[in-house]
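Residues per chain, in single letters:
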Amino acid sequence: MRDILPPESGRWRSFVGTFADLVEPAGYGQVIPPLLEDIGVFSRIGEATEIVQKEMYDFVDKGGRHVALRPEQTASVCRAFTQNRPPTPWKVWYAGPNFRYERPQRGRYRQFDQVGIEVLGADDPYLDVEVIALGWQFFTALGLTKVKLLLNSLGEPDDRARYVAALRGHFEARIDSLSPESRQTLATNPLRVLDSKRAQDAPAIADAPRIADFYGAEAAAHFAAVQDGLRALGIPFVIEPSLVRGLDYYRRTTFEYQGGTLDSAQNALGGGGRYDGLVEDLGGPPTPGIGFAIGLDRTLLACDDEGVFAVAAGELDVFVVDTTGGREALVLADELRAAGLRADRAYENRSMKAQMKAAGRSGAAVAVIVGTDELAAGVAVLRPLRGESREQVSVARGDLAESVKKAIR
Ligand code: AMP
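Everything numeric here is computed off the predicted structure, so don't read it as measured data. (Residues numbered from 1 in each chain as written. Predicted model: local features only at pLDDT ≥ 70, side-chain atom pairs only at ≥ 80, totals over all residues. Heavy atoms only, no water.)

Engineer: Would you mind showing me how to read unusual backbone geometry here?
Structural biologist: When glycine is set aside, most residues are seen to have a negative phi, and most peptide bonds are trans. The linkage connecting Pro-6 with the following residue, Pro-7, adopts the cis geometry, with an omega of 5°. For Pro-7, the location among the structural elements is in the segment before helix H1 (8–23). Phi is positive for Arg-252, close to 50°, though the residue is something other than glycine. Relative to the helices and strands, Arg-252 is located in strand S9 (residues 251–258). Even without being a glycine, Phe-309 presents a positive backbone phi close to 50°. By secondary structure assignment, the location of Phe-309 is in the loop between helix H12 (296–306) and strand S12 (318–322). In this structure Phe-309 comes out as buried when scored by relative accessible area, which is 18%. (Helix = DSSP H or I, 4+ residues; strand = E, 2+ residues; numbered from the N terminus. Buried < 20%, exposed > 50% of the residue type's maximum accessible area, 1.4 Å probe, protein only.)

Right under this line is the structure:
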């Protein structure tokens, strides 16, 4: 777990702001679920998943309840839907931290942030397209150009069940070639063996049966419509039959956004899919759902690698230097801020030299300087801190904010 300090924290805020500016005009409202839920909410993700088996930050609280810090937010959103029963389609977005007890490395942390959207209560392939497109447009808005969209369909639950049986047979016949981890995964969920990034598993995965051969008419039509919609919006995609995503609740459409530059194990920037059974599992009415989650930490690493979405420097407009004791700086900074300027000042009544040095370091465009003479005359000195000219002018106290605004224009 890390501290995010300024100015990097400003970049985090812009990241979430950019996301909100994209999805709110598309009809998504923000949902803010609690960080902590009953453990049962997350067990529904799938008893056989690594998240549930090994990665949960769970504990018994003082009231004897078994709770967990959320490892993701889709289950929380579905729980919130079940409890609040808003009208459908319910279109929401979220942002915030999740917790997974994983082995930390670059792009993988125990507390990590995600932004995401979920739509509950509509089963329309063109909705899948809207959702996928919004994620795609978000990466574009950040300036990323090397993201790849991978697409797959897991079919209807029946198709998926027949496929899982075929997969099990395939992997069992090659069990000696599989990694010990995959042998264990095979016993609980053969689909997840396809998720393995271990080289040892690659050959058995490469010639595994393909889900596409198991689609019934309905799943095939849905998948065709999703692809058609993506083409209509001009969004490029690659069909990736081994994309099953980690969680049990997905059916039909699944997708992943891959970064172009991170190590292969960490190059999934985000992903999602359709999960038509999750609300029901949580005690709600049968409700189709679709959404995605995009990892903030990893996406910012991808931005670093592509040299985009740089930290916006917290630029100051004006720095107040006061050698008369500091009361003037207090009042002037307050006035300048009230006039909409970004203003800072020095403290502890330091020498003129020390304060001017602080002004230079602050990155402000101009310094406002008040000494004993200026105080007596009711004026302040304006001095540019950037550019060629350092020519100072004396301005009346009453005109100060306007003069600063002119000077920084
Ligand atoms: P998931 O919820 O596992 O589908 O993950 C969705 C996205 O969240 C991933 O593509 C990552 O960008 C991000 N993510 C998941 N786990 C972590 C983690 N431990 N550290 C950083 N980012 C993560």
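Engineer: Which parts of the structure should I look at to understand the packing of aromatic side chains?
Structural biologist: Each aromatic ring pair is summarised here by two numbers: the centre-to-centre distance and the angle between the ring planes. On inspection of all chains with the given rule, the structure shows 14 aromatic pairs. When the ring of Phe-19 is compared with that of Phe-292, the centres are 6.1 Å apart and the planes differ by 75°; the resulting orientation is edge-to-face. Remark: Phe-292 occurs in strand S11 (residues 289–295) and Phe-19 occurs in helix H1; sequence separation between them is 273 residues. One exposure class covers both Phe-19 and Phe-292, and it is buried. (Phe/Tyr/Trp six-rings, centres within 6.5 Å; stacked < 30°, edge-to-face > 60°.)

Engineer: Can you walk me through the sheet that holds S12 in this structure?
Structural biologist: Pairing between the strands of a sheet is mediated by backbone hydrogen bonds and can be parallel or antiparallel. Strand order in the open sheet formed by five strands is S13-S12-S14-S15-S16, and the pairing between neighbours is mixed. Only two strands of the sheet have a single neighbouring strand rather than two, namely strand S13 (343–345) and strand S16 (393–396). Pairs of neighbouring strands in the sheet enclose a mean axial angle of 30°, with direction left out of account. Both S12 and strand S14 (residues 366–370) contribute to a ladder of five bridges, which runs parallel. Bridge pairing in S14 places Val-321 opposite Ile-369. Strand contacts of helix H14 (residues 352–362): S12, S14 and strand S15 (379–384), with the helix running at about 175° to S12, the strand carrying the most contacts. (Pairing = 2+ DSSP bridges. Axes fitted to C-alpha atoms, helices over the stretch in contact; angles between N-to-C directions. Contact = heavy atoms within 4.5 Å.)

Engineer: For this particular structure, what's the right way to read the nonpolar core?
Structural biologist: Note on soluble globular proteins: their nonpolar side chains tend to be buried together. By size, the foremost hydrophobic cluster in this structure holds 85 residues, and its most contacted members are Phe-171 and Tyr-257. When residues of this core are assigned to their parent elements, the largest contribution, 10 residues, is made by helix H5 (residues 125–142). Core analysis: the next-biggest nonpolar cluster, separate from the first, contains 17 residues, Ala-333, Leu-336, Val-368 and Val-370 among them. (Core = buried A, V, L, I, M, F, W, Y, C linked by side-chain atoms within 4.5 Å.)

Engineer: Help me understand the environment of Arg-361, please; the structure alone is not making it clear to me.
Structural biologist: In this structure, Arg-361 sits in helix H14. C-alpha separation for the pair Arg-361 and Leu-385, spaced 24 residues apart in sequence, amounts to 9.9 Å.

Engineer: Whenever I open this one, helix H13 (residues 327–338) confuses me. Can you help?
Structural biologist: Because each turn of an α-helix spans 3.6 residues, side chains separated by three or four positions end up pointing in the same direction. With 12 residues, H13 should reach 16 Å at 1.5 Å per residue; the first-to-last C-alpha distance of 17 Å fits that figure. Among the residues of H13, those classed as buried are Glu-328, Ala-329, Leu-332, Ala-333 and Leu-336. Along the long axis of H13, the arc covered by the buried residues comes to 120°, so they all point the same way. Away from its buried face by more than 90 degrees, H13 exposes Arg-327, Leu-330, Asp-334 and Ala-338. In this structure, the buried side of H13 is in contact with S12, S13, S14, helix H15 (372–377) and helix H16 (400–408). (Expected span 1.5 Å × (residues − 1). Arc of directions from axis to C-beta.)

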